[in-house]
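The residues making up each chain are set out below.
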Amino acid sequence: MMTQNPHYTKHHPRWHRVRMPIFWWVHKWVHMKFILRELTSVAVALYALVLLFQIRALTQGSEAYANFLAWLKTPGAIVLHAIAFLFAILHSVTWFNLSPRALVVRIGKKRIPDAVIAASNYVAWVIFSAALAWIILVD
Amino acid sequence: MKKSMKPFWWGLFGAGGAISALFIPVLLFLNGLAIPLGWVEAPRDEALLALVKHPLTRLFLFALISLSLFHWAHRFRYTLYDGLQLKHLNELVAVLCYGSAMILTLFAGFTLWNI
């Protein structure tokens, strides 16, 4: 009989499922843009680590720090930082442009327009960047 | 009912995205390009060390570095899932991504604590 010792499988019998090719995203620019946007997080994290190592070198004494500064001046390091900088900017711009989706602010009944939310983020970006530059560069 | 960890990782992702978007570009530009290329005068080593030793600076740097790592971990995990179609390796990818973010966070904390 069917109900005695029913054999339940964890997975449903397979329907026909289209297998996506690994490089499905290279064929259309809009997909490529999406993947590039997501990959900005790699550049950002890598720079966070470079920053950490710079701090570490700073605390290890003047010779260690001088070596680190010398490495930063090498053409390879400059090129890597330039590429990382482009990705970092891409991250910031795409992040701020998406901020109205995440941050919905209402005053009473009226909703603050998307452009204002995004613009506020950009203004904050400029202010914080200027403040940080001042803190680092001005003795 | 099993409580999902997803909101926790997503929260770190959001905080990391925000803090890195605001502060990484200027730090990268100054330390990685402008100062090495001589566009601006480098700060003196002593001044920089004094700045970094300040507890608020260390707290800020810890937050920036750690959250940037967790932002990457969550985002990269799903990029591999969707982008490279690595759905069958889901748990392994998650462990590697969040795990490395945690280990590097500990390293960052250790480094910044012992300045």
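Criteria and thresholds
Residues numbered from 1 in each chain as written. Chains lettered and ligands numbered in written order. Predicted model: local features only at pLDDT ≥ 70, side-chain atom pairs only at ≥ 80, totals over all residues. Helix = DSSP H or I, 4+ residues; strand = E, 2+ residues; numbered from the N terminus. Rg over C-alpha atoms; globule rule 2.2 N^0.38 Å. Buried ≥ 20, exposed ≤ 12 C-beta atoms within 10 Å, placed from the backbone. Contact = placed C-beta atoms within 7 Å. Core = buried A, V, L, I, M, F, W, Y, C linked by C-beta atoms within 7 Å. pLDDT = per-residue confidence, 0-100. Nonpolar A, V, L, I, M, F, W, Y, C, P; charged D, E, K, R; others polar. Axes fitted to C-alpha atoms, helices over the stretch in contact; angles between N-to-C directions. Parallel < 35°, antiparallel > 145°, perpendicular 65-115°, else oblique. Left-handed = near helix turned anticlockwise from the far one by under 90°. Expected span 1.5 Å × (residues − 1). Bend = angle between axes of the 7 residues up to and from the residue.

Here the focus is the overall build of chain B. A tally of helices and strands in chain B yields 4 helices and 0 strands. On C-alpha atoms alone, chain B measures out to a radius of gyration of 17 Å, which is more than a quarter above the 13 Å that the 2.2 N^0.38 rule sets for 115 residues. Taking the principal axes of the C-alpha coordinates as reference, chain B spans close to 55 × 30 × 20 Å. Burial analysis of chain B (115 residues in total) assigns 32% to the buried set. Counting only contacts in chain B whose residues sit at least 6 apart along the sequence, the fraction spanning at least 24 positions is 77%.

This next bit is on the overall build of chain A. Secondary structure summary: chain A contains 4 helices and 2 strands in total. A buried classification covers 17% of the 139 residues belonging to chain A. When contacts within chain A are restricted to residue pairs at least 6 apart in sequence, those whose partners lie at least 24 apart make up 44%.

Counting residues in hydrophobic clusters, the biggest one holds 40 residues, and the most contacted among them are A:Val44, A:Tyr47, A:Ala48, A:Leu51, A:Ala88, B:Ile65 and B:Leu69. At the level of elements, helix 1 (29–59) and helix 3 (75–102) of chain A together with helix 1 (6–34), helix 3 (55–83) and helix 4 (90–113) of chain B are the ones that each hand at least two residues to this core. Not counting the four nearest positions on each side in its chain, B:Leu69 is found in contact with A:Ala45, A:Ala48, B:Ala101, B:Leu104 and B:Thr105.

The next thing to look at is the confidence of the model for chain B. Residue and element names in this part refer to chain B. Across chain B, pLDDT averages 94, with 98% of residues at or above 70. Averaged over each element, pLDDT in chain B is lowest for helix 2 (residues 45–53) (95) and highest for helix 1 (97). Predicted as a complex, the structure gets a pTM of 0.89 and an ipTM equal to 0.94.

In this section: the interface of chain B and chain A. Contact residues are listed per partner, giving 42 residues for chain B and 44 residues for chain A. Listing elements by their share of the side of chain B that touches chain A, those giving two or more residues are helix 1, helix 2, helix 3 and helix 4 of chain B. With 15 residues, helix 1 of chain B is the single largest residue contributor to the side of chain B that touches chain A. Per-class residue counts for the side of chain B that touches chain A are 29 nonpolar, 10 polar and 3 charged.

Our focus in this paragraph is the packing of helix 4 (residues 114–137) of chain A against helix 1 of chain B. Axis separation between helix 4 of chain A and helix 1 of chain B bottoms out at 9 Å; the angle between their running directions is 40°. Overall, the two elements helix 4 of chain A and helix 1 of chain B adopt an arrangement that is oblique. Crossing hand, helix 4 of chain A versus helix 1 of chain B: right-handed. For the pair formed by helix 4 of chain A and helix 1 of chain B, the contact residues are A:Ala124, A:Trp125, A:Phe128, A:Ser129, A:Leu132, A:Ala133 and A:Ile136 on the first element and B:Leu22, B:Phe23, B:Pro25, B:Val26, B:Leu27 and B:Leu30 on the second. When the residues that make up the contact of helix 4 of chain A with helix 1 of chain B are grouped by side-chain class, the tally is 12 nonpolar, 1 polar and no charged.

What follows covers the packing of helix 3 of chain A against helix 4 of chain A. For any two helices packed against each other, one specifies the inter-axial angle together with the distance between the axes. All names here are of chain A. Packing of helix 3 against helix 4 brings their axes to within 7 Å, and their N-to-C directions diverge by 145°. The hand of the helix 3/helix 4 crossing is right-handed. Between helix 3 and helix 4, the residues in contact are Ser92, Phe96, Asn97, Ser99 and Pro100 and Asp114, Ile117, Ala118, Asn121, Tyr122 and Trp125, respectively. Counted by class, the contact of helix 3 with helix 4 contains 6 nonpolar, 4 polar and 1 charged residues.

Here we take up helix 1 of chain B. Here helix 1 of chain B spans 39 Å end to end across 29 residues, near enough to the 42 Å set by a 1.5 Å rise per residue. The principal kink in helix 1 of chain B, of about 40°, is found at B:Ser20.

Negative phi characterises most residues that are not glycine, and trans characterises most peptide bonds. Phi is positive for B:Gln85, which is not a glycine, with a value near 55°. Mapped onto the fold, B:Gln85 is located in the loop between helix 3 and helix 4.

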